[in-house]
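In case you want the letters, here they are:
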Amino acid sequence: MLKNYFTIAIRTLWKNKVFSSINVLGLAIGISASLVIYMLVNYHFNFDKFEKDNNRIYRVVSNFSFSGEVYRNSGVADPMAAAVKKEIAGLDAVIPFRTWNDDAKISVPDNKKEPKIFKHQLSIVFADSNYFNLVSYTWIAGSPKTSLRNPYQIVLTESNAKLYFPDLSATQVVGKEIFFNDSIRATITGVVKDIKENTDFTFKTFMAYATLEQTSLKPDNWNDWTSTNGAQQLFVKLSAGTSAAQIEKQIARLYKKYAKQNPDDHSKTWHTLQPLSDLHFNTDYGAYDLPSGNKPTLYGLLAVAAFLLILGCINFINLTTAHASQRAKEIGIRKTMGSSKKQLIVQFLSETFLLTFLATVLSVILTPLILKAFAGFIPEGLHFNLTEQPDIFLFLVALMIVVTLLSGFYPALILSGYKPVLVLKNQAYAGTGKTRKVWLRKSLTISQFVIAQVFIMATILVSKQINFSLNKDMGFKKDAILYFNTNYYDTVRNHKSVLMDKLKSIPGIAMVSLCNNAPSSGSTWSGTMKYKDGKKEIESDVQEKYGDSNYIKLYGLKLLAGKNIITTDTVTSYLINETYAHILGFQKPEQAIGKYIEWSGKQIPIAGVVSDFIQKSLHEPVKPLVIASWNNIEKNFSISLQPQNEDGTAWKTTISKIEKAFKEVYPEDDFNYKFFDEDIAKYYTAEQNIDSLLKWSTALAIFISCLGLLGLVIYTTTQRTKEIGVRKVLGASVSQIVSLISKDFILLVLFAFVIAAPLAWIGMNKWLQNFAFRTNISWWIFLSGGAIMIVIALITLSFQTIKAAAANPVKSLRTE
């Protein structure tokens, strides 16, 4: 029986090649997008699911409140781990570790040659044996109980062991020594396999936690409860039956017991437990500077997949019901010969399943191309391989079944419901059935164009906001400026001044400034500052930037009142921004000059007021800020370049000279520079990825919608062939016939516009709330979206309508 069903299905599909091709292509695009998005969403939501009892693992994180502003930090105070382990009940494990935030230089001794040097080594962590109770590793050599027991013991992952000792096995590596930054000698005591599962715990070198506790590497604030460091991480595993709220209350009492707070300090500190499952998605705390998942974006991708799949299914339903009259007599004869309604439904569903199967095969071929289209969203660890990923195969099977039922069930129900007596009398549409089918087709077609137009309007707005972000005056100069950092640990005082003199002598450099970071930077320094106006004390959390006297000149910051700072070794005066001046109660910039701000117990005079500028991205509002000179902590060289020459070689020559000067002062360090305007553009990488996604989704949505429109107009012109011939004989022109056929379809597009415009406005307005500075939702965005869709629809219709209108009426009148 099944063989018969599929034989008939193949014959039917082959007989109607055009409609079958349209259906297959529409479904294939929807299935391909769904497959890629499933892979991406599944990748992100499977992070850190392999750890045992992962639902009971939490990270202790810190929260601070200063003057109404809330700040979050993924770390804790250094002494907290020991106190939690000793005094808090309800925990199965306490796992402290400390990340090595800077890249390290690792030297591997070689008895026969010079030591092998590996620069910029990352993924280093100080941990104890408890860490391996948190993350499950397979041990190749050594033991989790003893390998990190003593100071200066280290464990390597297999990949790092192979990197440092390519000719040795894992067991031979144990006992070898390596040096960190030429000063720390460590002994390898174990080797573990690299984790293959998705995880944010990507450390590859583990140094004994005891190294921090018992040696000179102990941080200065090791016993300070009021100093929180993002590098100091604390994970806990709750006992069965213990809630996170219970542990948070105990930690609050513990912190109150040990943290001696200054009575004049009005800030507030509290700790919360962050679930392990939240680690990969919560950007408030972050996961070791790794790319995180964004749940709203992932849910948005799921919506895109659903829309594209629905568009393909709508095409199938529309074309199948429109084509139903061609199969009416076949159904009547089958019923007369004894076929039941159930058998006919199975027959039509088998045709749908075969079509969906072909679409799925095509989607597997298209998937690599879709992956390239969504390249901005695809992590490096994500790849497509059916043989290695059985879950993808199961997903495709499930998707085929769902699409078959979603696309095929209603048409199968309609077709199998024809009454044989009426069909054989050519009265298959007696009653209101035809009206209902036409109404359904129109509704589904409108739905397609609503989705397509919303995509078009959203794409225009996102592009407009990105253009606004990249071209808005941010309050500073950003073009033709590059910067680089010097060695943070360099203690030779005159190195910076020597390099500064060398740079000033290079002809291609217009100006040089030494600072801690640029006006707009991902790195934030802030502190609590106080101002007394005689009546009350105003306490604020203030952003801090440090630079020499060239800082505001090089970056083009506008001085509204007062004078510039002078280059000094310690903070002697402040420039404040307009926002901070208003917070302090000054109506005019001149009123702030000469007033004093209290910082770290010192009274610092206000030398000048600068115009507000954007300190990060347009997502965030301008915050109160001070600029001062503090030469000791200024490690960033900002360089303004002379204009580029016509052949585009001037900057390249200048940068080569800058590198040469850098190497003369810091011969052991690598010269790494960045252009400031490129850094600014990176703030909007997520938006640019969304823009790319929307453009592809819009193109696919329009393509699928137009495929369906083309199928319907082919069917309509075929059904109205004789009518077209009669109208031409009676004198109708080609343009009149094209207008007559196209009118109904264009009305559907216009009706869809009426629905799409408010839906698009709601979605776009909500998205724009993520920006403190945003573009307007202009009326022309909606008009353009509707106009683009009408033009594309007319072009699609013209392929068939002009052909039908231009046909010889003699041939048209001969058709039956």
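Residues numbered from 1 in each chain as written. Predicted model: local features only at pLDDT ≥ 70, side-chain atom pairs only at ≥ 80, totals over all residues. Heavy atoms only, no water.

(A) Up close: the overall build of the chain. Across its full length, the chain carries 24 helices and 26 strands. Counting over 816 residues, the chain shows a buried share of 49%. Taking the contacts inside the chain whose residues are at least 6 apart along the sequence as the reference set, 80% of them involve residues at least 24 apart. (Helix = DSSP H or I, 4+ residues; strand = E, 2+ residues; numbered from the N terminus. Buried < 20%, exposed > 50% of the residue type's maximum accessible area, 1.4 Å probe, protein only. Contact = heavy atoms within 4.5 Å.)

(B) Looking closely at the sheet that holds strand S17 (residues 509-515). As summarised here, the arrangement of the four strands in space is S17-S25-S16-S26, forming an open sheet in which the pairing is antiparallel. Two strands close off the open sheet at either side, each with one partner strand: S17 and strand S26 (673-675). On average, each strand axis in the sheet is inclined to that of its neighbour by 25 degrees, with strand direction left out of account. Summarising the sheet, strand S16 (residues 481-485) and strand S25 (residues 636-641) pair through five bridges and their orientation is antiparallel. (Pairing = 2+ DSSP bridges. Axes fitted to C-alpha atoms, helices over the stretch in contact; angles between N-to-C directions.)

(C) Quick look at the pairing of S25. Within S25, six of the six residues are buried, which leaves the element mostly enclosed by the surrounding structure. In S25, alternate side chains face the same way, and those of Asn-636, Ser-638 and Ser-640 on one face and Phe-637, Ile-639 and Leu-641 on the other are all buried. Alignment of S17 against S25, held across six bridges, turns out to be antiparallel. When the sheet's bridge partners are listed, Cys-515 is paired in S25 with Asn-636.

(D) Focus on unusual backbone geometry. Despite not being glycine, Asp-53 shows a phi value in the positive range, around 55 degrees. Here Asp-53 lies in the loop between helix H2 (17-45) and strand S1 (57-66). For Asp-53, a relative accessible area of 28% corresponds to the partly exposed category.

(E) Layout of the side chain of Ser-640. Mapping Ser-640 onto the fold places it in strand S25. In this view, Ser-640 contacts Lys-477, Ala-480, Ile-481, Ile-509, Ala-510, Met-511 and Leu-554; residues no more than four positions away in its chain are not counted.

(F) Main features of the pattern of salt bridges. In the structure shown here, the tally under the stated rule is 12 salt bridges. Of the charged contacts, one joins Asp-92 and Arg-56 as a salt bridge, the two residues approaching to 3.0 Å between their closest N and O atoms. Pair noted here: Asp-92 is in strand S4 (residues 91-99) and Arg-56 is in the loop between H2 and S1, with a separation of 36 residues, a long-range link. The class for Asp-92 is partly exposed, based on a relative accessible area of 48%. For Arg-56, a relative accessible area of 18% corresponds to the buried category. Its salt-bridge partner being Asp-691, residue Lys-695 comes within 3.1 Å of it at the nearest N-O pair. (Salt bridge = Lys/Arg side-chain N within 4 Å of Asp/Glu carboxyl O.)

(G) Up close: the environment of Thr-356. Note on placement: Thr-356 falls in helix H11 (residues 341-373). If near-sequence neighbours (up to four positions away) are discounted, Thr-356 is found in contact with Leu-27, Ile-31, Met-400, Val-403 and Thr-404. A distance of 2.8 Å separates the side chain of Thr-356 from the backbone oxygen of Thr-352, its partner in a polar contact. (Polar contact = N/O pair within 3.5 Å; in protein donor to acceptor, adjacent residues only side chain to side chain.)

(H) Quick look at the packing of aromatic side chains. Enumeration over the complete set of coordinates arrives at 41 aromatic pairs. Note on Phe-118 and Tyr-164: the rings are 5.0 Å apart at their centroids and 65 degrees apart in plane angle, and the pair reads as edge-to-face. Here Phe-118 is found in strand S6 (residues 116-121), whereas its partner Tyr-164 is found in helix H5 (residues 158-164), with 46 residues between them in sequence. Exposure class is identical for Phe-118 and Tyr-164. Each is buried. Between Tyr-209 and Trp-222, the aromatic rings sit 6.0 Å apart at their centres with planes inclined by 50 degrees, giving tilted as the arrangement. With a gap of 13 residues between them, Tyr-209 in the loop between strand S12 (205-208) and helix H7 (210-214) and Trp-222 in the loop between H7 and strand S13 (228-229) connect regions that are remote in the sequence. Pair check on accessibility: Tyr-209 and Trp-222 agree, each one buried. By way of ring pairs, the aromatic residues Phe-97, Tyr-131, Phe-132, Tyr-137, Trp-139, Phe-201, Phe-203, Phe-206 and Phe-235 are connected into one cluster. Lying over the aromatic face of Trp-270, Lys-268 brings its terminal NZ or CZ to 5.3 Å of the ring centre. Against the face of Phe-281 rests Lys-295, its NZ or CZ located 5.0 Å from the ring centre. (Phe/Tyr/Trp six-rings, centres within 6.5 Å; stacked < 30°, edge-to-face > 60°. Lys NZ or Arg CZ within 6 Å of the ring centre and 35° of its normal.)

(I) View of the nonpolar core. The biggest cluster of nonpolar side chains holds 105 residues, and the ones touching the most others in it are Leu-308, Phe-476, Tyr-555, Leu-557, Ile-627 and Met-789. Ranked by residues supplied to this core, first place goes to H2 with 15 residues. Setting aside chain neighbours within four positions, we find Leu-557 in contact with Gly-475, Phe-476, Pro-519, Tyr-551, Ile-552, Phe-613 and Ile-627. With 25 residues, the next largest nonpolar core counts Trp-100, Ala-104, Ala-170 and Val-191 among its residues. (Core = buried A, V, L, I, M, F, W, Y, C linked by side-chain atoms within 4.5 Å.)

(J) Geometry of the packing of helix H20 (residues 685-719) against helix H22 (residues 734-768). The N-to-C vectors of H20 and H22 enclose an angle of 160 degrees; their axes lie 13 Å apart at closest approach. By the angle class used here, H20 and H22 are roughly antiparallel. For the crossing formed where H20 meets H22, the hand is right-handed. Mapping the contact onto sequence places Glu-687, Ile-690, Leu-709, Leu-712, Val-713, Thr-716 and Thr-717 in H20 and Ile-741, Phe-745 and Trp-767 in H22. When the residues that make up the contact of H20 with H22 are grouped by side-chain class, the tally is seven nonpolar, two polar and one charged. (Parallel < 35°, antiparallel > 145°, perpendicular 65-115°, else oblique. Left-handed = near helix turned anticlockwise from the far one by under 90°. Nonpolar A, V, L, I, M, F, W, Y, C, P; charged D, E, K, R; others polar.)

(K) Looking closely at the environment of Gly-90. Considering the arrangement of structural elements, one finds Gly-90 in the loop between helix H3 (80-87) and S4. For Gly-90, a relative accessible area of 25% translates into the label partly exposed. Sequence separation between Gly-90 and Gly-241 is 151 residues, and the spatial gap between their C-alpha atoms is 8.6 Å. Residues within four places of Gly-90 in sequence aside, it is in contact with Leu-238, Ser-239, Thr-242 and Ile-247.

(L) Up close: the pairing of strand S10 (residues 177-180). Burial along S10 is one-sided: Ile-178 and Phe-180 are buried, and none of Glu-177 and Phe-179, which face the opposite way, are. Bridging between strand S5 (residues 104-108) and S10 involves two bridges; their strand directions are antiparallel. Across the sheet, Ile-106 pairs through a bridge with Phe-180, a residue of S10. As paired strands, S10 and strand S11 (residues 184-192) are joined by four bridges and run antiparallel to one another. Counterpart to Glu-177 in the pairing with S11 is Thr-187.

(M) Summary view of the packing of H20 against helix H23 (residues 779-805). For the pair H20 and H23, the least separation of the axes is 9 Å and the interaxial angle reads 30 degrees. One finds that H20 runs roughly parallel with respect to H23. Judged by the twist between their axes, the crossing of H20 over H23 is right-handed. For the pair H20 and H23, contact is made by Ile-702, Cys-706, Leu-709, Leu-710, Val-713, Ile-714 and Thr-717 and by Met-789, Ile-792, Ala-793, Thr-796, Leu-797, Gln-800, Thr-801 and Ala-804, respectively. For the contact of H20 with H23, the per-class residue count stands at 11 nonpolar, four polar and no charged.

(N) Expanded view of a nonpolar patch on the surface. The grouping of Leu-386, Phe-393, Leu-394, Val-397, Ile-401 and Leu-405 at the surface amounts to a nonpolar patch, some 530 Å² of accessible area in total. Following the sequence through the fold, Leu-394 ends up in helix H12 (residues 390-416). (Patch = residues over 30% accessible without salt bridge, like charges linked within 9 Å, V, L, I, M, F, W, Y side chains within 5 Å. Areas by Shrake-Rupley, 256 points an atom, 1.4 Å probe, with all protein chains shown as cover.)

(O) Representation of H22 in the model. With 35 residues, H22 should cover 51 Å at 1.5 Å per step; its first-to-last C-alpha distance of 47 Å lies within 8% of that length. Taking the largest bend as the criterion, H22 deviates by roughly 40 degrees, centred on Lys-743. (Expected span 1.5 Å × (residues − 1). Bend = angle between axes of the 7 residues up to and from the residue.)

(P) Region of the structure containing the confidence of the model for the chain. Per-residue confidence for the chain gives a mean pLDDT of 85, with 90% of residues at or over 70. Note on residues 429-433: pLDDT under 50 across the span, and six contacts to partners over four residues away in sequence or across chains. (pLDDT = per-residue confidence, 0-100.)

(Q) Inspection of the environment of Ile-184 at higher detail. Within the secondary structure, Ile-184 is located in strand S11. Residues Ile-184 and Tyr-152, 32 residues apart in the sequence, show an inter-C-alpha distance of 7.9 Å. Residues within four places of Ile-184 in sequence aside, it is in contact with Trp-100, Tyr-152, Ile-178, Phe-179, Met-207 and Leu-217.

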